[in-house]
Amino acid sequence: IAHPIPQFDIQGETSFCAGQSVSIGVQESFEEYLWSNGANNPEIVIDNQGQYSVEVTDINGCSNNSEITIIEHPLPVFDIDAPSFFCENEVANLVVEEGFAAYLWSNGSTDPSIAINDGGTFGLSVTNNFGCIDSSMTTVAEIPLPTSNAGNDGEITCDDPVINLDGSNSSAVGQIQFIWEGPGITPTNMNQESPEVSIPGLYYLSILDTEYQCQSS
């Protein structure tokens, strides 16, 4: 009696994303299975690309084989271009190169780049043309503006022809630079905490945070 050779196909996905795996197998029932990687189960799990073959033997001792090629696709490679900080009341841009199939930021945006006006940690998932997804995150700090305090009003009199302005109650996150403006302010005293002036008028004080370059007035 001439027995027919077993007929079958290897079923399963033929590609997977890096770091993942795919299952392939033979749905038909046979007596024996022998895969090229040494496995003898109807189904195997693949996490390396390449060619895989299986030889099956039926109840009559007849054998046949088949092979399949499995491809591993790379994950998307990208960087989030973002500042480490920005000043209060300003906007920071988080930028990723264009050209990927899909983007999803943790704030719900699906654009390649976003503009933020609050500090925090922002995550991004990117999908490439193979459908593979990778994620990254970045943290951006929002620096409060310095507080400028020019002190109380003063009065220049005949008895007190010179007074000191007072910026000592000003504050900043980083290093303070005082920037005074007014009729008695010169390049010599404009950056002093308490400059002496002898000309009446309005005086304005701005504070520059020299570490973060944030300025208020």
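None of these values were measured; they are calculated from a predicted model.

1. Comments concerning the packing of aromatic side chains
Item 1. Enumeration according to the criterion identifies 5 aromatic pairs in this entry.
Item 2. Geometrically, the ring pair formed by Phe30 and Tyr33 is edge-to-face, given 6.2 Å between the ring centres and 70 degrees between the ring planes. Just as Phe30 is buried, Tyr33 falls in that class too.
Item 3. Taken together, a centroid distance of 6.1 Å and an interplanar angle of 75 degrees make the contact between Phe100 and Tyr103 edge-to-face. Of the two residues, Phe100 and Tyr103, neither departs from the other in class, the shared state being buried.
Item 4. Put simply, the rings of Phe8, Phe30 and Tyr33 touch in pairs and so form one group of aromatic residues.

2. Concerning the sheet that holds strand E10 (residues 102–105)
Strand pairing in a sheet takes place through backbone hydrogen bonds and is either antiparallel or parallel in direction.
Item 1. Here we have 4 strands laid out as an open sheet, ordered E8-E13-E12-E10, and mixed in their pairing. Where the open sheet ends on each side, the last strands, each with one partner, are strand E8 (85–87) and E10. Across the sheet, the mean angle from the axis of one strand to that of its neighbour is 25 degrees, orientation sign disregarded.
Item 2. Across 4 bridges, E10 lies against strand E12 (residues 120–127) in antiparallel orientation. Each residue of the ladder has a partner; that of Trp105, found in E12, is Leu124.

3. Focus: the sheet that holds strand E4 (residues 32–35)
Item 1. With mixed pairing, the 4 strands of this open sheet are ordered in space as E2-E7-E6-E4. Only two strands of the sheet have a single neighbouring strand rather than two, namely strand E2 (15–17) and E4. The average angle at which neighbouring strand axes cross in this sheet is 25 degrees, direction not considered.
Item 2. Sheet topology places E2 next to strand E7 (residues 63–73); 3 bridges connect them, and they run parallel. Looking at the pairing, Phe16 lines up with Glu72 of E7.

4. Quick word on unusual backbone geometry
Item 1. Backbone geometry places Asn89, a non-glycine residue, at a positive phi of 75 degrees.
Item 2. Tracing the sequence through the fold places Asn89 in the loop between E8 and strand E9 (92–94).
Item 3. Asn89 gets classed as exposed once you look at its relative accessible area, which sits at 66%.
Item 4. Non-glycine residue Gln213 carries a positive phi angle of around 60 degrees.
Item 5. You can see Gln213 is positioned in the loop between strand E17 (204–209) and strand E18 (214–216).

5. Some words on the nonpolar core
Item 1. Ile24, Trp35, Ile46, Val54 and Ile70 are the most contacted members of the largest nonpolar core, which has 17 residues in total.
Item 2. Every element with two or more residues in this core is listed here: strand E3 (22–26), E4, strand E5 (43–46), strand E6 (50–57) and E7.
Item 3. Not counting chain neighbours up to four residues away, the residues in contact with Ile70 comprise Glu13, Thr14, Phe16, Val22, Ile24, Ile46, Gln49, Gly50 and Tyr52.
Item 4. Counting 15 residues, the second-largest nonpolar core is a separate cluster that includes Ile80, Ala92, Ile116 and Leu124.

6. A few points about the state of the cysteines
Chemically, a disulfide is nothing more than a covalent bond linking the sulfur atoms of two cysteines.
Item 1. Considering all chains together, one arrives at 2 disulfides under this definition.
Item 2. With its sulfur 2.1 Å from that of its partner, Cys17 forms a disulfide with Cys132. Where Cys17 bonds to Cys132 through sulfur, the torsion about that S-S bond is close to -90 degrees, and the disulfide is left-handed. Highlighted residues: Cys17 in strand E2 and Cys132 in the loop between E12 and strand E13 (133–143), separated in sequence by 115 residues.
Item 3. Taking relative accessible area as the criterion, Cys17 reaches 10% and is therefore assigned buried.
Item 4. Across a sulfur-sulfur distance of 1.9 Å, Cys87 and Cys214 are joined as a disulfide pair. Judged by the sign of its S-S torsion, about -90 degrees, the cystine formed by Cys87 and Cys214 is left-handed. Taken as a pair, Cys87 in strand E8 and Cys214 in strand E18 lie far apart in primary sequence, 127 residues in all.

7. Description of the pairing of E3
Item 1. Counted residue by residue, E3 has 4 buried out of 5 residues, so it is predominantly covered.
Item 2. Bridging between strand E1 (residues 10–12) and E3 involves 3 bridges; their strand directions are antiparallel. Of the residues in E3, the one forming a bridge with Ile10 is Val26.
Item 3. Pairing of E3 with E5, which is carried by 4 bridges, proceeds in the antiparallel orientation. In the strand pairing of E5, Ile24 is matched with Ile44.

Definitions and cut-offs
- Residues numbered from 1 in each chain as written.
- Predicted model: local features only at pLDDT ≥ 70, side-chain atom pairs only at ≥ 80, totals over all residues.
- Heavy atoms only, no water.
- Phe/Tyr/Trp six-rings, centres within 6.5 Å; stacked < 30°, edge-to-face > 60°.
- Buried < 20%, exposed > 50% of the residue type's maximum accessible area, 1.4 Å probe, protein only.
- Pairing = 2+ DSSP bridges.
- Helix = DSSP H or I, 4+ residues; strand = E, 2+ residues; numbered from the N terminus.
- Axes fitted to C-alpha atoms, helices over the stretch in contact; angles between N-to-C directions.
- Core = buried A, V, L, I, M, F, W, Y, C linked by side-chain atoms within 4.5 Å.
- Contact = heavy atoms within 4.5 Å.
- Disulfide = S-S within 2.5 Å.

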